[in-house]
Amino acid sequence: QVQLQESGPGLVRPSQTLSLTCTVSGGSIRNDDYYWTWIRQHPERGLEWVGHVYYSGTTHSNPSLGSRVTVSLDLSKNQFSLKLSSVTAADTAVYYCARGDDVFGTEAFDIWGQGTLVSVSS
Amino acid sequence: IVLTQSPATLSLFPGEGATLSCRASQSVRSYLAWYQQKPGQAPRLLIYDTSTRATGIPARFSGSGSETDFTLTISSLEPEDFAVYYCQQRGTWPTFGGGTKVEIK
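As a starting point, this report considers the structure included with it. As the structure is a prediction and not an experimental result, all values here were calculated from the model.

1. A look at the nonpolar core
Core analysis: the largest hydrophobic core is formed by 41 residues, its most contacted members being A:Trp112, B:Trp34 and B:Tyr85. Not counting chain neighbours up to four residues away, the residues in contact with B:Tyr85 comprise B:Gln5, B:Leu20, B:Tyr35, B:Gln36, B:Leu46, B:Phe61, B:Leu72, B:Ile74, B:Gly99, B:Thr100 and B:Val102. In terms of nonpolar packing, the next biggest core, distinct from the first, is built from 26 residues, A:Cys22, A:Tyr34, A:Val69 and A:Val118 among them.

2. Re the state of the cysteines
Residue and element names in this part refer to chain B. One pass over the full model with this rule turns up two disulfides over all chains. At a sulfur-sulfur separation of 2.1 Å, the disulfide partner of cysteine 22 is cysteine 87. One quick way to see it: the torsion about the S-S bond of cysteine 22 and cysteine 87 is about 75°, and its sign makes the bridge right-handed. Pair noted here: cysteine 22 is in strand β3 (residues 18–24) and cysteine 87 is in strand β9 (residues 84–89), with a separation of 65 residues, a long-range link.

3. Considerations on the sheet that holds strand β3 (residues 18–25) of chain A
Residues and elements named next belong to chain A. Spatially, β1-β3-β8-β7 is the arrangement adopted by the four strands of the open sheet, whose pairing is antiparallel. Since the sheet does not close on itself, it has two edges, and those belong to β1 (3–7) and β7 (69–74), each with one partner. Strand-to-strand, the axes of this sheet are offset by a mean angle of 20°, without reference to chain direction. Here β7 runs beside strand β8 (residues 79–84); their pairing, made up of six bridges, is antiparallel. Across the sheet, leucine 73 pairs through a bridge with phenylalanine 80, a residue of β8.

4. Here's the deal with the pattern of salt bridges
For the structure on display, the rule yields eight salt bridges over all chains. Note that A:Arg99 and A:Asp110 form a salt bridge whose closest N and O atoms lie 2.7 Å from each other. You can see A:Arg99 sitting in strand β9 (residues 93–101) and its partner A:Asp110 sitting in strand β10 (residues 109–112), a full eleven residues away along the chain. Residue class for A:Asp110 comes out partly exposed when judged on its relative accessible area of 27%. Among the ionic pairs, B:Arg90 bridges to A:Glu107, the shortest N-O distance being 3.7 Å. Taken together, the residues B:Arg90 in the loop between β9 and β10 (95–96) and A:Glu107 in the loop between β9 and β10 connect one chain to another. By relative accessible area, which is 23% here, B:Arg90 ends up partly exposed. It is possible to trace a salt-bridge network through shared partners that takes in A:Arg40, A:Glu48, A:Arg68 and A:Asp91.

5. Thoughts on the interface of chain A and chain B
In this assembly, 19 residues from chain A lie in contact with 18 residues from chain B. Buried area between chain A and chain B, both sides added, is near 1,600 Å², and the carbon and sulfur share of it is 66%. At the boundary of chain A and chain B, one finds one salt bridge. In terms of residue class, the side of chain A that touches chain B is built from nine nonpolar, six polar and four charged.

6. Some words on the pairing of strand β2 (residues 9–12) of chain B
Residue and element names in this part refer to chain B. Burial along β2 is one-sided: the face carrying Leu10 and Leu12 is buried and the face carrying Thr9 and Ser11 is not. Bridge count for β2 against strand β11 (residues 100–104) is four bridges, and the pairing is parallel. Opposite leucine 12, over in β11, you have isoleucine 104 as the bridge partner.

7. Digging into the layout of surface pockets
Approximately 480 Å³ is the volume found for the largest pocket. Contributing to the lining of the largest pocket are 23 residues, with A:Gln41, A:Glu44, B:Gln37, B:Val84 and B:Tyr86 lying nearest its centre. Those elements that provide at least two residues to the lining of the largest pocket are β9 of chain A together with β9 and β11 of chain B. The element that contributes the greatest number of residues to the lining of the largest pocket is β11(B), accounting for three residues. Considering the residues around the second largest pocket, the lining is formed by 15 residues, among which A:Asp110, A:Ile111, B:Pro43, B:Arg44 and B:Leu45 are closest to the centre. At the level of elements, β10 of chain A together with β4 (32–37) and β5 (44–48) of chain B are the ones that each hand at least two residues to the lining of the second largest pocket. Of the residues contributing to the lining of the second largest pocket, the split by class is seven nonpolar, four polar and four charged.

Procedures and definitions
Residues numbered from 1 in each chain as written. Chains lettered and ligands numbered in written order. Predicted model: local features only at pLDDT ≥ 70, side-chain atom pairs only at ≥ 80, totals over all residues. Heavy atoms only, no water. Core = buried A, V, L, I, M, F, W, Y, C linked by side-chain atoms within 4.5 Å. Buried < 20%, exposed > 50% of the residue type's maximum accessible area, 1.4 Å probe, protein only. Contact = heavy atoms within 4.5 Å. Disulfide = S-S within 2.5 Å. Helix = DSSP H or I, 4+ residues; strand = E, 2+ residues; numbered from the N terminus. Pairing = 2+ DSSP bridges. Axes fitted to C-alpha atoms, helices over the stretch in contact; angles between N-to-C directions. Salt bridge = Lys/Arg side-chain N within 4 Å of Asp/Glu carboxyl O. Buried area = accessible area lost by both parts, 1.4 Å probe. Nonpolar A, V, L, I, M, F, W, Y, C, P; charged D, E, K, R; others polar. 1 Å grid on protein atoms, 1.4 Å probe; cavity = no way out; pocket = protein on both sides within 12 Å on 5 of 7 lines; lining within 4 Å. Points joined across faces, edges and corners; volume = space filled by probe spheres on them.

In short, geometric facts, not functional conclusions.
Laid out in structure tokens, this is it:
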């Protein structure tokens, strides 16, 4: 079955760029039925959608994060990535990659990675 | 679109039924999902499109509602059901509710 796995540094310095990669196994990201998403969860708090990318390359990101978010695909590696620039302590969170279902109306997130904690600190 | 979940915490005995509420600040039609999250784990999709159970989800979980008011019902709590539950809508961009913690009484 399809599995997702996040990877990347667990510590990022303030003002630097957070970079994470999600490797998709057991299925291809070359699939119009799905889109590929980043969601984060601040410690002891709820969930916040960060951004997502479609197989076509179209991307969307959370307006509250402005232009700091870049989500992209690497079709050759069956991976997708997140870059979040100019980070502050407020960006400290567990980051999840997830698959979004583009077939049914809710476009729910049906498969999730295990999550990776990224701390922003000097 | 803001999703408001209530109550924040629900204290129940195993075997009891649970009713969780999710209210949207404007209509989301039927485009609402529910997730379960246990400590140290990623959320798991339970319900999408208001009432459709995801693959492998037991029948004791059911969803209902429309437009702005939605309910997740767990008919009889099993020990593994004590967790935090989130609702999520699609809208212009996805948002999640603040969560309801179902704890053992």
